[in-house]
Amino acid sequence: MAKIKLEYIWLDGYEPTQNLRSKTKVEEHENFKGTLEELGNWSFDGSSTKQAEGGSSDCLLVPVAIYPDPTRINGWLVMSEVMYADGTPHPSNGRATIDDEDDDFWFGFEQEYFIMDTKTQLPLGFPVGGYPAPQGMYYCSVGGKNTHGRKLVEEHADLCIAAGINFEGINQEVACGQWEFQLFAKGAKKAGDEIWVARYLLDRLTEKYGYYIEYHPKPLGDTDWNGSGMHANFSNNVLRTCGDQATYERICEAFRPVTAEHIAVYGAYNDQRLTGKHETASIHDFSYGVSDRGCSIRIPLMTVQKGWKGWLEDRRPASNGDPYKIAARIIKTVKSAL
């Protein structure tokens, strides 16, 4: 028998932006294979996470995905849904709202973020009381003058890959101290699971560096520095195979009348980022276009070159958005057009 460390991870009930929470259960297992079937439900004090009242505080953690924890001996990361005691989804449970039981929808999320120094409370590369050189040389840069935080970013990539997450890439972004990683998954729920576990690994990794991750979409306020998004690349069987421009345009047009509904779940404070500047469309408008990064939805050039067979990119989601809620809303809108 071996002692197995199971790190149950869930989302709390804070608004407007939920936070990751986790705690460890140590169990004895013989020949543990790392499957959901080997795991039991757990509970936690919901009154400490704004998910229950003190008089009836127990909430359930129901495992939905499991990954090896590369930082622990006999460790596993257990992404969990929050349920009421009767087994119904808690209102904070965005995963339960996803209508994609057959995994027809594929998602590739581009997670942008700033690495912040806990001592200065500024992005890496920012001097106290001033600013570094203007944007221009940071994007995909190399060298100590313009590149800040690479050691953490590389270690995070290795951890995600070792955990079995379908991690697809990293790059420094346009602003100083800003980075991005990309994930792809077949199935909306899996895509959300993997973004949250990747965020968890990133947040936990900062503890040993004296950093923290800032997911606010415009952490530097009303300045000429870029904000952070989480572009959502998505497709279903229709988009992957239709070969028809009119079908693509019909799906894109379906997003127009529900713009407000999308913005409502695309992340808090997104109005500070979606100004119409810095490669964004205005939060008050809706637009789409081929290879246009200033549109709400970009039709990738590759999709057109392949005869209108591919995917779409919604550029509006903010870096602090919940991928579960974002995917659920996109799926609902796409299905309404078919």
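Residues numbered from 1 in each chain as written. Predicted model: local features only at pLDDT ≥ 70, side-chain atom pairs only at ≥ 80, totals over all residues. Heavy atoms only, no water.

1. Considerations on the UniProt feature "domain: GS beta-grasp" (unreviewed entry) in the protein
Step number 1: The feature "domain: GS beta-grasp" (unreviewed entry), as given by UniProt, occupies residues 4–87 in the numbering adopted here.
Step number 2: As a span, residues 4–87 carries 0% helix and 50% strand, and end to end its C-alpha atoms are 26 Å apart. (UniProt positions renumbered as here; feature names shortened; annotations may be inferred. Helix = DSSP H or I, 4+ residues; strand = E, 2+ residues; numbered from the N terminus.)

2. Some words on the UniProt feature "domain: GS catalytic" (unreviewed entry) in the protein
Step number 1: Those residues carrying the UniProt feature "domain: GS catalytic" (unreviewed entry) are residues 89–338 in this numbering.
Step number 2: Counting secondary structure, residues 89–338 comes out at 29% helix and 18% strand; the distance between its end C-alpha atoms is 28 Å.

3. Some words on the packing of helix α2 (residues 188–205) against helix α7 (residues 323–336)
Step number 1: Here α2 crosses α7 at 155°, and the two axes come no closer than 8 Å. One way to sum up the angle between α2 and α7 is to call them roughly antiparallel. For the element pair α2 and α7, the recorded crossing hand is right-handed. On α7, the residues that touch A188, K189, G192, D193, I195, W196 and R199 of α2 are P323, Y324, A327 and I331. (Axes fitted to C-alpha atoms, helices over the stretch in contact; angles between N-to-C directions. Parallel < 35°, antiparallel > 145°, perpendicular 65-115°, else oblique. Left-handed = near helix turned anticlockwise from the far one by under 90°. Contact = heavy atoms within 4.5 Å.)

4. Things to note about the packing of aromatic side chains
For any pair of aromatic rings, the description consists of the separation of the ring centres together with the inter-plane angle of the planes.
Step number 1: A complete count under the given rule lists 16 aromatic pairs for this structure.
Step number 2: Seen in terms of ring centroids, F167 and F181 are 5.7 Å apart; in terms of plane orientation they differ by 20°. Their pairing is stacked. Of this pair, F167 sits in strand β7 (residues 167–172) while F181 sits in strand β8 (residues 178–186); the two residues are 14 residues apart in sequence, bridging distant segments of the chain. Note on accessibility: F167 and F181 belong to one class, buried.
Step number 3: Ring pairs connect the aromatic residues F107, F109, F234 and F255, which therefore count as one cluster.
Step number 4: Stacked on the ring of Y14, the Lys or Arg K50 has its end atom at 4.5 Å from the ring centre.
Step number 5: When the ring centre of W106 is taken as origin, the NZ or CZ atom of K186, which lies over that ring, is 4.5 Å away. (Phe/Tyr/Trp six-rings, centres within 6.5 Å; stacked < 30°, edge-to-face > 60°. Buried < 20%, exposed > 50% of the residue type's maximum accessible area, 1.4 Å probe, protein only. Lys NZ or Arg CZ within 6 Å of the ring centre and 35° of its normal.)

5. Some details on the sheet that holds strand β3 (residues 42–45)
Step number 1: Spatial strand order, β2-β1-β5-β4-β3: 5 strands in an open sheet with mixed pairing. Looking at which strands have only one partner, the edges of the open sheet turn out to be β2 (20–29) and β3. The sheet shows a mean angle of 40° between the axes of neighbouring strands, direction not considered.
Step number 2: Bridging between strand β4 (residues 58–68) and strand β5 (residues 75–83) involves 8 bridges; their strand directions are antiparallel. Within β5, the residue paired with Y67 across the bridge is L77. (Pairing = 2+ DSSP bridges.)

6. Points about the domain arrangement of the protein
Step number 1: Here the protein is described as being made up of domain 1 (2–93) and domain 2 (106–336).
Step number 2: For the pair domain 1 and domain 2, the summed buried surface comes to about 1600 Å²; carbon and sulfur atoms form 69% of the total.
Step number 3: At the surface where domain 1 touches domain 2, the tally comes to 1 salt bridge.
Step number 4: Linking D69 and R204 is a salt bridge whose minimum nitrogen-to-oxygen distance equals 2.9 Å.
Step number 5: Linking domain 1 with domain 2 are 5 residue pairs in polar contact (both at pLDDT 80 or more).
Step number 6: If you list the elements that add at least two residues to the side of domain 1 that touches domain 2, you get β1 (2–11), β2, β4 and β5.
Step number 7: Broken down by element, the residue count for the side of domain 1 that touches domain 2 peaks at 4 residues, all from β4.
Step number 8: Residues that form the side of domain 1 that touches domain 2 fall into these classes: 11 nonpolar, 4 polar and 2 charged. (Domains from an automatic or database assignment. Buried area = accessible area lost by both parts, 1.4 Å probe. Salt bridge = Lys/Arg side-chain N within 4 Å of Asp/Glu carboxyl O. Polar contact = N/O pair within 3.5 Å; in protein donor to acceptor, adjacent residues only side chain to side chain. Nonpolar A, V, L, I, M, F, W, Y, C, P; charged D, E, K, R; others polar.)

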